[in-house]
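Spelled out from the first residue to the last, the chains are:
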Amino acid sequence: MLEVRNRIVACRACPRLVWWREACAEQRPARFAGEEYWSRPVPGFGDPDARIYVAGLATAAHGGNRTGRAFTGNSTASWLVAALHRAGLADQPVSERRDDGLRLAGVWFGSVVRCAPPGNRPTAAERDACLPFLAAEVDALPALRVVLCLGAFAWRAVARWAGARPLPRFAHGAEQVTPAGLVLLGSYHPSRQNTNTGVLTAAMLDAVVHRAKELAAAPASTVTRSCAES
Ligand code: SF4
């Protein structure tokens, strides 16, 4: 995993995103004045024995791009890590800084695109350039069983990469078994846009995290059979 991490952090394959990840620091909100921004691609983070991979859309400009750790330092991170903590999958309910001591239990954090994109909208070419990093992390997690996809972008990207045919429709709570036996589980993204409007509630996020935990604990043959029949 260290080799994967080093490749991610050194990547400069997408000129537009290399520019933007650095420009974010120059256009920072006043509340982050004086902070040193990471402004590089953000590698995955978590438990090497993870059974659940949480896949986001892309690095957040003032979350991961500022702090240098996935799902850290913004509203999305607060919602996600609080839910994982309630489920016993994180040792603390907050994720604020790279050195805050957060430890995940059986969970890995990653994203489809590792650099912050303008408007949170990576292009198809940027998505395809970055997906091999997610694939490399998945390959380096031998116990992995479930990919929890936050939002339709992550769901479609991971489903396409995993060879799910026909491409399954995204929904909150959707499940799809891949040819390799991983279970894709869909969730509305815990972005401020969704949580402030009630599209995603804490109870809905808890339910999907609970389901991820259940799928991760089930024997492989049971998971594959039950999902294939649903
Ligand atoms: S988005 Fe991914 S592929 Fe593109 S520069 Fe960043 S790390 Fe490299």
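Keep in mind that this is a model prediction, so the values were computed, not measured.

### Here's the deal with the side chain of Glu137
Summarising the element assignment, Glu137 is placed in helix H5 (residues 124-139). A distance of 3.4 Å separates the side chain of Glu137 from the side chain of Trp108, its partner in a polar contact. Aside from chain neighbours lying at most four places away, what touches Glu137 is Met1, Val4, Ile8, Pro43, Gly44, Tyr53, Trp108, Gly110 and Arg114.

### Describing the confidence of the model for the chain
Here the chain shows a mean pLDDT of 93. Residues at 70 or above account for 95%. For the stretch residues 223-230, pLDDT sits under 50, and the model shows 12 contacts to residues farther than four places along the chain or on other chains.

### Side note on the site of the ligand
Around the ligand, the neighbouring residues are Cys11, Ala13, Cys14, Leu17, Pro41, Val113, Arg114, Cys115, Ala129, Cys130 and Phe133. In this structure, the ligand is accommodated by the largest cavity. Among the elements that line the shell around the ligand, the one with the most residues is H5, at three residues.

### Let's talk about the sheet that holds strand E4 (residues 146-150)
Overall, mixed pairing links the six strands, which are arranged E1-E3-E2-E4-E6-E5 in an open sheet. The two strands at the open ends of the sheet, each matched to only one other strand, are strand E1 (45-46) and strand E5 (175-177). Pairing geometry for E5 and strand E6 (residues 183-187), over three bridges, is antiparallel. Residue pairing for E6: Gln176 is matched across the bridge by Leu184. The sheet contacts of helix H4 (residues 75-86) involve strand E2 (52-58), strand E3 (107-113) and E4, and relative to E3 the element is tilted by about 155°.

### So, helix H1 (residues 2-10)
Turning to H1, its buried residues are Val4, Ile8 and Val9. The buried residues of H1 occupy an angular sector of 130° when projected down its axis, which confines them to one face. Exposed residues lying more than 90 degrees from the buried face of H1 are Leu2 and Ala10. As for H1, its buried residues are in contact with H5.

### Section: the layout of surface pockets
Empty space left among the atoms is revealed by rolling a probe the size of a water molecule over them. Space inside the largest pocket adds up to approximately 850 Å³. For the largest pocket, the lining is made up of 34 residues, of which Ala60, Thr76, Asn120, His189 and Ser191 are closest to its centre. Secondary structure elements with two or more residues in the lining of the largest pocket: E2, H4, E3 and helix H7 (192-197). When its residues are assigned to classes, the lining of the largest pocket shows 11 nonpolar, 18 polar and five charged. A volume near 210 Å³ is recorded for the second largest pocket. Lining the second largest pocket are Glu35, Glu36, Tyr37, Trp38, Arg40, Arg66, Thr67, Glu96, Arg97, Arg98 and Asp99. Partitioned by chemical class, the residues of the lining of the second largest pocket number two nonpolar, one polar and eight charged.

### Notes on the packing of aromatic side chains
Across all of its chains, the model carries five aromatic pairs by this definition. Between the aromatic rings of Phe71 and Phe109, the centroid separation amounts to 5.0 Å while the plane-to-plane angle is 75°, which identifies the pairing as edge-to-face. Taken as a pair, Phe71 in the loop between helix H3 (64-67) and H4 and Phe109 in strand E3 lie far apart in primary sequence, 38 residues in all. A single burial state applies to Phe71 and to Phe109, both of which are buried. Taken together, Phe45, Phe71 and Phe109 form an aromatic cluster joined through their ring pairs. The lysine or arginine in question, Arg40, covers the ring of Trp38, its NZ or CZ lying 3.8 Å from the ring centre. For Arg66, the ring lying beneath its charged end belongs to Phe32, and the centroid distance is 3.9 Å.

### Regarding the packing of H5 against helix H6 (residues 152-162)
Following both chains from N to C, one finds H5 and H6 inclined at 70°, their axes separated by 11 Å at the closest point. Taken together, the axes of H5 and H6 lie roughly perpendicular to each other. Here Arg127, Leu131, Leu134, Ala135 and Val138 of H5 come into contact with H6, specifically with Phe153, Ala157, Val158, Arg160 and Trp161. Looking at the contact of H5 with H6, its residues break down into eight nonpolar, no polar and two charged.

Conventions and cut-offs
- Residues numbered from 1 in each chain as written.
- Predicted model: local features only at pLDDT ≥ 70, side-chain atom pairs only at ≥ 80, totals over all residues.
- Heavy atoms only, no water.
- Helix = DSSP H or I, 4+ residues; strand = E, 2+ residues; numbered from the N terminus.
- Polar contact = N/O pair within 3.5 Å; in protein donor to acceptor, adjacent residues only side chain to side chain.
- Contact = heavy atoms within 4.5 Å.
- pLDDT = per-residue confidence, 0-100.
- Near = heavy atom within 4 Å.
- 1 Å grid on protein atoms, 1.4 Å probe; cavity = no way out; pocket = protein on both sides within 12 Å on 5 of 7 lines; lining within 4 Å.
- Sits in = over half its atoms within 2 Å of the grid points.
- Pairing = 2+ DSSP bridges.
- Axes fitted to C-alpha atoms, helices over the stretch in contact; angles between N-to-C directions.
- Buried < 20%, exposed > 50% of the residue type's maximum accessible area, 1.4 Å probe, protein only.
- Arc of directions from axis to C-beta.
- Points joined across faces, edges and corners; volume = space filled by probe spheres on them.
- Nonpolar A, V, L, I, M, F, W, Y, C, P; charged D, E, K, R; others polar.
- Phe/Tyr/Trp six-rings, centres within 6.5 Å; stacked < 30°, edge-to-face > 60°.
- Lys NZ or Arg CZ within 6 Å of the ring centre and 35° of its normal.
- Parallel < 35°, antiparallel > 145°, perpendicular 65-115°, else oblique.

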